[in-house]
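Take a look at the letters that make up each chain.
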Amino acid sequence: MSTYNFGNVNGPANFGDHGRIQINHATPDLEALMEVADRLTETLRAEYPHMVSSGEVIQGELAQSAEDGLPPNRGRIRSALETIAIGASAGTGSLAFTQQLMNALGL
């Protein structure tokens, strides 16, 4: 641990930013998430048919959230997204949609 005082340095690294950086992962627009989940499942059908069930889990959780008005079950969604991320190859649409959902949900 260093005791060096950086002072009030406000460069690209934001040392000494005094709490100005905020990362808020509020629940994004549910309709947009459902559309991305639909596109993910369609892409999985074409690229990785054996992983379609993971896409359907995500769709189901988002649909249930829309129905009951509660936030989606992030644990089940995260588990399904991780399954896809492990099995999908780099540069595929499946991985791109997976990363988009992970970023939107703050997972």
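Structure: above.
Let me begin by describing the structure that accompanies this report. (Residues numbered from 1 in each chain as written. Predicted model: local features only at pLDDT ≥ 70, side-chain atom pairs only at ≥ 80, totals over all residues. Heavy atoms only, no water.)

A few words now on the packing of helix H1 (residues 30-47) against helix H4 (residues 93-105). Between H1 and H4, the shortest axis-to-axis distance is 8 Å and the interhelical angle comes to 155°. Comparing their axes, H4 and H1 come out roughly antiparallel. Regarding H1 and H4, the two cross each other, and that crossing is left-handed. Contact residues: Leu 33, Val 36, Ala 37, Arg 39, Leu 40, Thr 43, Leu 44 and Glu 47 in H1; Gly 93, Ser 94, Phe 97, Thr 98, Gln 100, Leu 101, Ala 104 and Leu 105 in H4. Tallied by class, the residues present in the contact of H1 with H4 amount to nine nonpolar, five polar and two charged. (Axes fitted to C-alpha atoms, helices over the stretch in contact; angles between N-to-C directions. Helix = DSSP H or I, 4+ residues; strand = E, 2+ residues; numbered from the N terminus. Parallel < 35°, antiparallel > 145°, perpendicular 65-115°, else oblique. Left-handed = near helix turned anticlockwise from the far one by under 90°. Contact = heavy atoms within 4.5 Å. Nonpolar A, V, L, I, M, F, W, Y, C, P; charged D, E, K, R; others polar.)

Here we take up the environment of Thr 41. Locating Thr 41 in the fold gives a position in helix H1. Owing to a relative accessible area of 1%, Thr 41 belongs among the buried residues under this scheme. Through-space distance from the C-alpha of Thr 41 to that of Gly 55 is 4.8 Å; in sequence the pair is 14 residues apart. Beyond its immediate sequence surroundings of up to four residues, Thr 41 is in contact with Val 52, Gly 55, Glu 56 and Gln 59. (Buried < 20%, exposed > 50% of the residue type's maximum accessible area, 1.4 Å probe, protein only.)

Everything listed here is a matter of geometry and, on its own, says nothing about what the molecule does.
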